[in-house]
Structures are given as structure tokens and as C-alpha cells.
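Here is what each chain is made of, one letter per residue.
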Amino acid sequence: MAFELTDKLVIAVASSALFDLSESDKVFREEKENAYRRYQRENENNILGKGVAFALIKRLLEINSTEKQLVEVILLSRNDPDTGLRVFKSIESYGLTISRAIFVAGQNPFKYMEAINASLFLSGNLDDVKEAIKYNFPAGYVKETDYQDDETEKELRLAFDFDGVIVDDASETVYKKGGGLLLYQQHEREHANELMGEGPLFRFLKQISEIQKYEISKFEEDDSYQPKIRIALCTARNAPAHERVVKTLREYDIRIDEAFFLGGVNKNNVLKIYKPHIFFDDQLEHIDDVAKSFPSVHIPYGVANESDKEIEEVGN
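The rules behind these values
The residue numbers shown here count from 1 along each chain, following its written sequence. The predicted origin of the model limits local features to residues at a pLDDT of at least 70 and limits the giving and counting of side-chain atom pairs to 80 or more, whereas totals for whole chains, interfaces and linings rest on all residues. Just so you know, side-chain values use all the structure's heavy atoms and leave hydrogens and water out. Runs of H or I in DSSP of at least four residues are treated as helices and runs of E of at least two as strands, each being numbered from the N terminus. Each residue is placed in one exposure class: buried if its accessible area under a 1.4 Å probe, protein chains only, is under 20% of its type's maximum, exposed if it is over 50%, and partly exposed if it falls in between. For this analysis, a polar contact is any N or O atom pair within 3.5 Å, provided that within protein one partner can donate a hydrogen and the other can accept it, and provided that sequence-adjacent residues contribute only side-chain to side-chain pairs. Between two residues, a contact is recorded if the distance between any of their heavy atoms is within 4.5 Å. At least two bridges found by DSSP between two strands is the condition for calling them paired. Every axis corresponds to a line fitted to the C-alpha atoms, with the helix fit spanning only the stretch in contact, and the corresponding angles, defined between N-to-C directions, vary from 0 to 180 degrees. Here, nonpolar core refers to any group of buried Ala, Val, Leu, Ile, Met, Phe, Trp, Tyr and Cys residues whose side-chain atoms link them within 4.5 Å. Residue ranges for the domains trace back to a domain assignment, done automatically or taken from a database. Each cavity reported here is a set of points on a 1 Å grid over the protein atoms alone in which a 1.4 Å probe fits but cannot get out, each pocket an open set with protein on both sides within 12 Å along at least five of seven lines, and each lining residue one with an atom within 4 Å of a point. Grid points are joined across faces, edges and corners, and a volume is the space filled by probe spheres set on the points. Asp, Glu, Lys and Arg are counted as charged, while Ala, Val, Leu, Ile, Met, Phe, Trp, Tyr, Cys and Pro are counted as nonpolar; the rest, among them Gly, fall into the polar class.

Trainee: Explain the side chain of Arg 59 to me, and be specific about the residues and the numbers.
Mentor: Along the chain, Arg 59 turns up in helix α3 (residues 54-61). Overall, Arg 59 belongs to the buried group, its relative accessible area being 1%. Within the structure, the side chain of Arg 59 is placed 3.0 Å from the backbone oxygen of Asp 150, a separation counted as a polar contact. Setting aside its immediate chain neighbours within four residues, Arg 59 contacts Asp 149, Asp 150, Glu 151, Glu 153, Lys 154, Glu 155, Leu 156 and His 277.

Trainee: I'd like to hear about the sheet that holds strand β8 (residues 156-160), residue by residue, with values.
Mentor: On the basis of which strands lie adjacent, the open sheet formed by ten strands has the order β5-β4-β1-β6-β7-β12-β11-β8-β9-β10 and mixed pairing. Every other strand in the sheet has two partners, leaving β5 (100-103) and β10 (258-261) as the edge strands with one partner each. In this sheet, adjacent strand axes meet at a mean angle of 25° when their direction is disregarded. Sheet topology note: the strand β6 (residues 118-123)/strand β7 (residues 139-143) ladder contains three bridges and is parallel. If you follow Leu 122 over to β7, its bridge partner there is Gly 140. Across the face of the sheet, helix α8 (residues 202-221) comes into contact with β1 (9-13), β4 (71-77), β6, β8, β9 (229-235) and β11 (278-281) while running at roughly 140° to β9.

Trainee: Break down the nonpolar core for me, with residues and values.
Mentor: If you look at the biggest cluster of nonpolar residues, it comprises 71 residues, and the most contacted ones within it are Leu 158, Phe 160, Phe 204 and Phe 280. Looking at this core, you find at least three residues from each of domain 1 (9-142) and domain 2 (156-312). Listed in part, the 14 residues of the second largest apolar core include Ala 159, Phe 260, Ile 287 and Phe 294.

Trainee: Talk me through the layout of surface pockets; I want residue IDs and the actual numbers.
Mentor: What the largest pocket holds in volume is close to 1,200 Å³. Lining the largest pocket are 43 residues, and of these Ser 16, Phe 19, Leu 21, Asp 25 and Gly 124 lie nearest its centre. Elements that contribute at least two residues to the lining of the largest pocket include exactly α1 (15-18), β2 (19-20), α2 (22-42), α3, β4, β6, α5 (126-134) and β7. Counting residues per element, the lining of the largest pocket draws most heavily on α2, at seven residues. Along the lines of polarity and charge, the residues of the lining of the largest pocket split into 17 nonpolar, 13 polar and 13 charged. The computed volume of the second largest pocket comes to approximately 520 Å³. Along the wall of the second largest pocket there are 23 residues; nearest its centre are Tyr 175, Ala 236, Arg 237, Gln 283 and His 286.

Put into C-alpha cells, the structure is as follows:
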């Protein structure tokens, strides 16, 4: 019988997101493929260090139980099976329950996302992520961080920006191309009851939310069970633009535990208290700041990632 993925949250993760590949990448860049292949074989049994997405992936997999397998993580790798063997040995060493992989020998593996029903692709290769986004696949680029995970914690805390991440960039376009903050606030007040369109990580959040509901139901049946997922929204929106956010999430039946409507306040101020295991944002200026402290993922989608020249041309 075929293994069914349609009923699971499937995350596609590149080895560059899961592990620290800085040394091997340096060999590849400076000495090219043959030297890289020798290096990986010679270091096959040397376990790779943890990468930016490690804390997220580890905690997602720990949601699974013998009674219910809700999450599947699949390795999507630019390696071939030979050079990728070191990655699988590292996966086994850390006790991660990842058994499936796609190796594409130097190509961008995102094109296989639909085949495996993946709702998110995480990679340390920015070009791969940009190409995936170009073809409307949900993908994020992991930024280097100094974060040290407390592995005694079992809770998984996720934080999401809203516009250009959970929903599309239609409202953000009004702000950037249509006349600034006052017009944007007016637009959002007038459209407060209109449902916003789905953004690149909408499906991922929706599935996480459904798993959280399942966990809450287990807690209601057995109060000794501790739900593992906590979800936060961290957005530059503030009143009156907050109302449309709440009504959109309500309409999609997505539960949010904490919401930060910051109106320009530095996002890192609140995230240092919330302490996310992963933070998703479409704007690099926010990611660059938060990534110093916490695992962060840039979603290079929409108007926030167009050049100033492109914005000005469309605005005119």
C-alpha cells in the first residue's frame, strides 16, 4: 500500500536549513565538485552541526505519536545520494525521524514540492527560494543566527508576520504604491469586513492551526497532556488596520495565541519575550534584526521584495 501524504503536514527541508554546512559549502565554492565529493566522503561520519531550522523540525516531529502521525518532514537536497549520505547519518545521529529524501544533483528541488504535498520549503540557498516563490511555491530562506536552543523545552513557538506571509500583499501594495500610511489606514478601515487573499504561508499556518486544535482537544480529554504548539502574529499593523486581520483569521478559522500589532515598534522587542523557535517575515529589515536572536526565515514574496525603482514605476 502506498504511503499517504495528503492527510499530513509535510515540510520540505534542504540540508542547508537543517544543518550547518558552512565548511562543506566553502570547499564546494573554493575547490569545486570533485574536492567537495572527497570532503563529504572523508567526513561522512563527522556529524554536522545544527542549522537554523533544526529547532523547528525537531519539535514538529515530536508532535507525532504512535497513535497519530500528523507531521512528515522530507529532505529536498541539491546533493546527489553519494554526497548526501553524510546528511542522513547526521539525521540518524540526532534521532530525527526523517526517512524520505529527494536528491537532485545540483538542481533546484522545489519542483517536487507538489508531488510530496509540501506546504513549506526551507532552504539556505536564496536563489532556490526565490525561484520557488516565483512559481508560487511556499518557500523561505533561513538566515544565519547565534540562537542556542534550550532542548529541555518541549513547546514549539512560531511567529508570523501577516501581510505578504499569511495573506497576499494587496494591502501592503496600497501602502507602498498607493500613497503611504494615511491612505493605507483608510483603505483597511473601509475594507475591514472583506476577506484577505491567501499568502505563501497560509496553508502552512492553517495546517499548524489544525494540529494545535487537535492538541487542545487531547488536553480537554486529559488535563495531564500538555499541548506543544503556540502561535503568534507579529505585524507592523495597528488600529484601525487590526480589525481586518482579526476578521480574516476568524473567517479562516485560524486560532492565534498572541498577537502583536506594533505600528512600527521594533518587532524584536516583543519577540525577545515570546522567544520563537522560528519567525517568518517578508521584509529583510525585520528578519536581519530578529535573526541575531532567533531562527528567522525570509519570505521573498510580493511588493516588499520589489526594488524601489519597480515600486515607483508602478506607483506612477
